[in-house]
Amino acid sequence: MKELVIGSRGSQLALWQARYIQTQLDNLGLKSRIEVVKTKGDKILDVPLAKIGGKGLFTKELEELLLVGALDLAVHSLKDVPVELTPPLSLACISKRADSRDCFLSVHYPSLEDLPLGARVGTTSLRRCMQLKRLRPDLDTLSLRGNIQTRLQRLKEGAFDAIILAYAGVERLQICMPYCTPLSFKQMLPCMGQGALGVEMASDHPLFATITQLNDPRSAFLCGLERTFIAKLNGGCQVPLGVHASLKGEVLEMRAIVGLLDASQIVKEKVSGHVQEADELLQLLLERFIEKGALEILAQISP
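Residues numbered from 1 in each chain as written. Predicted model: local features only at pLDDT ≥ 70, side-chain atom pairs only at ≥ 80, totals over all residues. Heavy atoms only, no water.

**Considerations on the environment of Arg101**
Stage number 1. Relative to the helices and strands, Arg101 is located in the loop between β4 (89–94) and β5 (102–106).
Stage number 2. Taking C-alpha positions, Arg101 is 23 Å from Arg19, a pair spaced 82 residues apart along the chain.
Stage number 3. Filtering out sequence-adjacent residues up to four positions away, Arg101 remains in contact with Ala166, Tyr167, Pro182, Leu183, Phe185 and Gln194. (Helix = DSSP H or I, 4+ residues; strand = E, 2+ residues; numbered from the N terminus. Contact = heavy atoms within 4.5 Å.)

**Quick look at the pattern of salt bridges**
Stage number 1. By the definition in use, this model includes 14 salt bridges.
Stage number 2. As a salt-bridge pair, Glu226 and Arg97 come within 2.9 Å of each other at their nearest N and O atoms. Placement of Glu226 in helix α9 (residues 217–232) and of Arg97 in the loop between β4 and β5 is noted, with a sequence separation of 129 residues between them. Each member of the pair, Glu226 together with Arg97, is buried.
Stage number 3. The partner of Asp138 in a salt bridge is Arg136, and the shortest N-O contact between them spans 2.8 Å.
Stage number 4. Accessibility expressed as a relative area gives 26% for Asp138, which makes it partly exposed.
Stage number 5. Residues participating in the shared-partner salt-bridge network are Glu3, Arg33 and Glu35. (Salt bridge = Lys/Arg side-chain N within 4 Å of Asp/Glu carboxyl O. Buried < 20%, exposed > 50% of the residue type's maximum accessible area, 1.4 Å probe, protein only.)

**As for the environment of Gly146**
Stage number 1. Of note, Gly146 is situated in the loop between β7 (140–143) and α6 (148–156).
Stage number 2. Considering only alpha carbons, one finds Gly146 and Pro206, 60 residues apart in sequence, at a separation of 36 Å.

The following block contains the structure:
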């Protein structure tokens, strides 16, 4: 059997993720190598992500190589994977989800509440900017592009008083900072699928069914609900829209938030019920969102 080619972005975090999946493939008796691919989102670093526009900023080039057979599979942060994929591309599996919270990092300040008036907070995400403004309208939220190491270096050099990263990446790379505190879901809701990995393949690939053995059913179920919610609102990773689904015993809970960037208008809702009512709960959350003006808020936000 030929060696499988895994496509990955070139950052330390992306390579950690690709090697993690490579280890899982080894457990299935499948040999593989990693091919690094630069995406549009990696090449354009001097412009905020939301201004670049388009979906698949960190996946398109990998998907093009999958379609021509130059790659057998691509490993993504699931939050970067568009909710609609080009056939025959499909998600072969979703990994067991790590901690899905966002994380506050600072050299001098223990928490978001301890930041001085007008503090500079770096983040690439409109979702995070909006929720930061909801909590602290005085904060100066600034665009922060580049890989995690670049962002940390800018924080250490004093360009920012704090930055916000996905906690899963902080844990995976074992990042140590004087202050590194996960933000609660009451403070900040994550992006769809945050903390999970998605393995994308052509559905007609001869090993597609084999790779599906790596799927984590619980994570796939919860992340699937989040992705469906985003799809129904025609949202994505580049809009100020957060959603999170969790399961405790048989109780399913879904939370979501959307708002203008200055947080002058926000819709925030939560639903919960028995896990067997998942479809009904998802629909209820959507209905409440739409009733309270979520579509009008999204329409005001430039792509």
